[in-house]
Amino acid sequence: MMRFIQGDCLEILPTIKSNFSLIVTDPPYNIGWNYSKKVNDRKVNYREWCLQWSKLCMQKLTDNGLFIVINYSENNNRLFCDLEDAGFNYVDQLIWHYNTNIGKSQNKYTSNYRTIIIFSKGEEWTFNPLKQPYKNPMDSRIAELIKNGSKGTNHYSVFECQLCKNVSKLKNNIGINQLPRGLVRMLISSFSNIGDKVLDPFVGNGTVMNIAEELGREGWGIDINDYQSNTIFMLY
């Protein structure tokens, strides 16, 4: 099941009666991007605005729910501090690493990652860790673990996942950025269970909603633009 609600998440979130096991979003980055003829993401009070919708999201979590935000590190660093100051429980920070041929500068290194900050409402939360193979499987202790069914160690906190570029076959060409499917699949699989409700308050291309449904969750999305008339929610 998927449900899309058109409107400003600041106005929509307080009206939703459901609570969510996972809220994961890739919000506007405050870089002057035109999401439509009527929506530009540049905001004078961007930091305060981020904290405002983040608090609303935290209120909509189940007792063991998680709130995940993908953004440039400078934006997430500020939001991290603001959420901690507001008394919310920090869980983890992941790194999304990718190759890029844009944003190069003559006087600083090129950024090729974004941070993923994770906060919880309570002291317990869902975690289904992605495993990675042991580095030294020939070690006798590791060999014994493998023999007993162990699939490896928990994945490191850096995840390599290439950008979904305009030339990608999976790109929905409606003029907005799109999260790579592999990254979204990892987050939803790791931090929710089948049957859980998953929300993206800046759903854009619909990637979070679609993959949530694909993985047996109930996908919800909010966006100030009305993308429902487009085919984005039927591509997967």
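Residues numbered from 1 in each chain as written. Predicted model: local features only at pLDDT ≥ 70, side-chain atom pairs only at ≥ 80, totals over all residues. Heavy atoms only, no water.

What about the overall build of the protein chain?
Inference 1: The number of helices and strands found in the protein chain is six helices and 10 strands.
Inference 2: If you take every contact in the protein chain between residues at least 6 apart in sequence, the share linking residues at least 24 apart comes to 69%.
Inference 3: Total accessible area on the protein chain stands at roughly 12,800 Å², and carbon and sulfur atoms take up 50% of it. (Helix = DSSP H or I, 4+ residues; strand = E, 2+ residues; numbered from the N terminus. Contact = heavy atoms within 4.5 Å. Areas by Shrake-Rupley, 256 points an atom, 1.4 Å probe, with all protein chains shown as cover.)

Things to note about helix 5 (residues 181-191)
Inference 1: The element helix 5 is extensively covered by neighbouring structure, given that eight of its 11 residues are classed as buried.
Inference 2: Taken residue by residue, helix 5 has Arg-181, Leu-183, Val-184, Met-186, Leu-187, Ile-188, Ser-190 and Phe-191 as its buried positions. (Buried < 20%, exposed > 50% of the residue type's maximum accessible area, 1.4 Å probe, protein only.)

With respect to unusual backbone geometry
Inference 1: The phi dihedral of Asn-30 falls on the positive side, at around 65°, and the residue is not glycine.
Inference 2: Structurally, the position occupied by Asn-30 is in the loop between strand 2 (20-25) and helix 2 (46-59).

Things to note about the pattern of salt bridges
Inference 1: Across all of its chains, the model carries four salt bridges by this definition.
Inference 2: Here Glu-214 makes a salt bridge to Arg-181, at a shortest N to O gap of 3.0 Å. Remark: Arg-181 occurs in helix 5 and Glu-214 occurs in helix 6 (residues 207-214); sequence separation between them is 33 residues.
Inference 3: The partly exposed category is assigned to Glu-214, whose relative accessible area is 33%.
Inference 4: Salt bridges here are not isolated pairs; linked through shared partners, they connect Arg-181, Arg-185 and Glu-214. (Salt bridge = Lys/Arg side-chain N within 4 Å of Asp/Glu carboxyl O.)

Concerning the environment of Ser-150
Inference 1: In this fold, Ser-150 is placed in the loop between helix 4 (140-147) and strand 7 (153-154).
Inference 2: Residue class for Ser-150 comes out partly exposed when judged on its relative accessible area of 25%.
Inference 3: When the C-alpha atoms of Ser-150 and Pro-133 are compared, they prove to be 9.5 Å apart, with 17 residues separating the residues in sequence.
Inference 4: The contact partners of Ser-150, leaving out residues within four places of it in the chain, are Tyr-134 and Leu-145.
Inference 5: Looking at Ser-150, its side chain comes within polar contact range of the side chain of Tyr-134, at 2.4 Å. (Polar contact = N/O pair within 3.5 Å; in protein donor to acceptor, adjacent residues only side chain to side chain.)

Observations concerning the pairing of strand 5 (residues 113-120)
Inference 1: Where burial is concerned, most of strand 5 is hidden: seven out of the eight residues are buried.
Inference 2: Pairing geometry for strand 3 (residues 61-71) and strand 5, over six bridges, is antiparallel. Following the sheet pairing, Leu-66 is matched in strand 5 by Ser-120. (Pairing = 2+ DSSP bridges.)

Some remarks on helix 2
Inference 1: The terminal C-alpha atoms of helix 2, which comprises 14 residues, lie 20 Å apart, in line with the 20 Å expected from a rise of 1.5 Å per residue.
Inference 2: Among the residues making up helix 2, those that are buried are Tyr-46, Trp-49, Cys-50, Leu-51, Trp-53, Ser-54, Leu-56, Cys-57 and Met-58.
Inference 3: Buried positions along helix 2 lie against helix 1 (9-12), strand 2, strand 3, helix 3 (73-85) and strand 5. (Expected span 1.5 Å × (residues − 1).)

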